[in-house]
Amino acid sequence: MEEAGCQPNVVIYSILVDSLCKDRPVNEAFDIFSKMKAKGVPPTIVSYTSLIQGLCNFSRWKEASAMLNETRSLNIIPNIVIFCLLID
């Protein structure tokens, strides 16, 4: 995609993160998430929700909690989905 001169936006990055989290390679999803932020594309609550869900699915609670704290530090208001994932 980038080779063709098309820069991915937050929607494309979020879709990639969500797909990777559902297909098990959560570490790859973290890499995409980090790349998105490094390229100056600000993550949305949807991006964070996908990553937190992937982490919770694999019992990576501390990392999921850290992501929740990151949303708060960026003034991104966590949604009910995130809280349900963390207490489930």
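Okay, so let's go over this structure. Here the structure is a predicted model, which is why all the values come from computation and not from measurement.

Describing the overall build of the protein
Counting its secondary structure elements, the protein contains five helices and zero strands. Secondary structure elements of the protein, listed N to C terminal, follow the sequence α-α-α-α-α. A compact globule built from 88 residues would reach a C-alpha radius of gyration of about 12 Å, and the protein, at 13 Å, matches this within 12%. Put simply, the protein has 88 residues, and 35% of those count as buried.

Let's talk about the nonpolar core
Formed by 21 residues in total, the largest nonpolar core has its most connected members in F33, L51, I52, L55 and M67. Of all the elements in the fold, those that place two or more residues in this core are helix 1 (10-22), helix 2 (26-38), helix 3 (45-57), helix 4 (61-73) and helix 5 (80-87). Filtering out sequence-adjacent residues up to four positions away, I52 remains in contact with A64, M67, L68, I82, L85 and L86.

Things to note about the packing of helix 3 against helix 4
In the contact formed by helix 3 and helix 4, the axes pass within 8 Å of each other and the chain directions differ by 165°. Relative to helix 4, the element helix 3 lies roughly antiparallel. Remark: the crossing between helix 3 and helix 4 carries left-handed chirality. On helix 4, the residues that touch Y48, L51, I52, L55 and C56 of helix 3 are W61, E63, A64, M67, L68, E70 and T71. A class-by-class count of the residues in the contact of helix 3 with helix 4 yields nine nonpolar, one polar and two charged.

Observations regarding helix 4
Taking 1.5 Å of rise per residue, 13 residues should cover 18 Å, and helix 4 covers 18 Å from first to last C-alpha, within 8% of that figure. All buried positions along helix 4 are accounted for by A64, M67, L68 and T71. The buried residues of helix 4 occupy one face: seen down the axis, they fall within an arc of 100°. Residues K62 and S73 are exposed on helix 4 and point more than 90 degrees away from its buried face. Positive phi shows up at N75, right after helix 4, with a value of about 60°.

Rules and cut-offs
- All chains use their own residue numbering, which begins from 1 and follows the written sequence.
- Since the coordinates come from a predicted model, pLDDT governs what is reported: local features require at least 70, and pairs of side-chain atoms require 80 or more to be given and counted, while whole-chain, interface and lining totals use all residues.
- Values reported for side chains reflect all heavy atoms of the structure, with hydrogen atoms and water molecules removed beforehand.
- Put simply, DSSP marks the helices as runs of H or I at least four residues long and the strands as runs of E at least two long, and each gets a number from the N terminus on.
- Only C-alpha atoms enter the radius of gyration, while the globule expectation follows 2.2 Å times N to the 0.38, with N the number of residues.
- We call a residue buried when its accessible area falls under 20% of the maximum for its residue type, exposed when it is over 50%, and partly exposed in between, using a 1.4 Å probe and counting protein chains only.
- Residue types Ala, Val, Leu, Ile, Met, Phe, Trp, Tyr and Cys, when buried and joined through side-chain atoms within 4.5 Å, form a set referred to as a nonpolar core.
- The contact criterion used throughout is that any non-hydrogen atoms of two residues lie within 4.5 Å.
- Inter-axis angles, ranging from 0 to 180 degrees, are taken between N-to-C directions of lines fitted to C-alpha atoms, where helices are fitted over the stretch in contact.
- Any angle that is under 35 degrees is reported as roughly parallel, and any over 145 degrees as roughly antiparallel; angles of 65 to 115 degrees are reported as roughly perpendicular and all others as oblique.
- Should the near helix be turned anticlockwise from the far one by less than a right angle, the crossing is termed left-handed; should it be turned clockwise, right-handed.
- Residues were grouped as follows: Ala, Val, Leu, Ile, Met, Phe, Trp, Tyr, Cys and Pro as nonpolar; Asp, Glu, Lys and Arg as charged; and all remaining residues, including Gly, as polar.
- In this analysis, the expected span of each helix is defined as 1.5 Å times one less than the number of residues it contains.
- It is the directions from the helix axis to the C-beta atoms that the arc portrays.

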